[in-house]
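If you want the building blocks of each chain, they are given just below.
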Amino acid sequence: MPWVQQTEVKVKKHDTRVLFSSKSMEWATPRDFFHKLDSQFNFTLDPCARSHNALCSKYFTPDEDGLEQDWSGNKVFVNPPYGRGIGRWFQKAYEESLKKDTTVVMLIPARTDTKYWHKYAMKADEIRLIKGRLKFGGGKNSAPFPSAVIVFSSGAGDPVENPPKLAVM
Ligand SMILES: C[S@@+](CC[C@H](N)C(=O)[O-])C[C@H]1O[C@@H](n2cnc3c(N)ncnc32)[C@H](O)[C@@H]1O
């Protein structure tokens, strides 16, 4: 049956095992992708990082816990750990963006059916849908999920009255 064969090929190409391994927590942002965004936003803080993968000179590690820190006054780039706690990073990003002079840009899986997407991503100023799949961490395989970039800047987002601007990248 043709569709069964197609499914097998897909699983080999996008090895879903990595998505659920602890390694997936460390998936690094593709450097050229980051630089493109950085040239627009001039990021000053990476709140989810380790010393070897931090993208800004100011960063927070798991020991410092970026979720417990103050991000205010920064242009923040967030590629959160893709585990179960990802919803807490959405909430933190949204809440921090309400502070003065604070913009938060998130690179996240485009899981538009999740509660956190509806509760927070839909309050963003912009949602940029990424065409194709990113190759994280310099790997040769594409991610087994689509990604999006969410920009929280004004705090004025409202899913009904003022929905996010949609763009592709
Ligand atoms: C997807 S990686 C992103 C790494 C890098 N900032 C980048 O964008 O390429 C997420 C990083 O967040 C770190 N992390 C996990 N929990 C954290 C926490 N509570 N506070 C700060 N960093 C955390 C992980 O160790 C991992 O290095």
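Reading the values: rules and limits
- Residues numbered from 1 in each chain as written.
- Predicted model: local features only at pLDDT ≥ 70, side-chain atom pairs only at ≥ 80, totals over all residues.
- Buried ≥ 20, exposed ≤ 12 C-beta atoms within 10 Å, placed from the backbone.
- Helix = DSSP H or I, 4+ residues; strand = E, 2+ residues; numbered from the N terminus.
- Pairing = 2+ DSSP bridges.
- Near = placed C-beta within 6 Å.
- Nonpolar A, V, L, I, M, F, W, Y, C, P; charged D, E, K, R; others polar.
- pLDDT = per-residue confidence, 0-100.
- Contact = placed C-beta atoms within 7 Å.
- Core = buried A, V, L, I, M, F, W, Y, C linked by C-beta atoms within 7 Å.
- Axes fitted to C-alpha atoms, helices over the stretch in contact; angles between N-to-C directions.

On to the pairing of strand 4 (residues 147-152), then. For strand 4, the buried fraction is high: six of the six residues fall into the buried class. Residues S147, V149 and V151 point to one face of strand 4 and A148, I150 and F152 to the other, with burial holding for every one of them. As paired strands, strand 3 (residues 126-129) and strand 4 are joined by four bridges and run antiparallel to one another. By the bridge assignment for strand 4, R128 is matched with V149.

Next up on the list: the site of the ligand. Taken together, 20 residues sit near the ligand, with A28, T29, C48, G66 and N79 positioned nearest. A per-class count over the shell around the ligand returns 11 nonpolar, five polar and four charged.

So, about the environment of G139. Looking at where G139 falls in the secondary structure, it is placed in the loop between strand 3 and strand 4. In sequence terms G139 and A28 are 111 residues apart; their C-alpha atoms lie 9.5 Å from each other.

Time to look at the confidence of the model for the protein. Mean pLDDT over the protein: 86, with 85% of residues reaching 70 or higher. Within the model, pLDDT remains below 50 along residues 1-23, and this stretch shows 12 contacts once partners closer than five positions in the same chain are excluded.

Okay, unusual backbone geometry next. Phi is mostly negative for residues that are not glycine, and the peptide bonds are mostly trans. With a phi close to 55°, N42 is a non-glycine residue in the positive phi region. Looking at the secondary structure, you find N42 in the loop between helix 3 (31-41) and strand 1 (75-78). Judged by the 10 C-beta atoms lying within 10 Å of it, N42 is exposed.

Right, let's get into the nonpolar core. One recurring pattern in soluble globular proteins is that nonpolar side chains are buried together. Ranked by size, the top nonpolar core spans 26 residues in total, and within it V76, V78, A93, V104, V105, M106 and I150 carry the most contacts. If you list the elements that add at least two residues to this core, you get strand 1, helix 4 (86-97), strand 2 (103-109) and strand 4. Apart from the residues lying within four places of it in its own chain, the contact partners of V105 are L37, F41, V76, F77, V78, V149 and V151.

Sheet strands pair by backbone hydrogen bonding; their relative direction is either parallel or antiparallel. Spatially, five strands are ordered 1-2-4-3-5 in an open sheet, and the strand pairing comes out mixed. The sheet is open, and its two borders are formed by strand 1 and strand 5 (165-168), each paired with just one other strand. Across this sheet, the average inter-strand angle for adjacent strands is 15°, counted without regard to direction. Here helix 3 sits on the sheet and contacts strand 1, strand 2 and strand 4; the angle it forms with strand 2, its principal contact strand, is near 160°. The strands touched by helix 4 are strand 1, strand 2 and strand 4; relative to strand 2, the strand with the most contacts, the crossing angle is about 160°.

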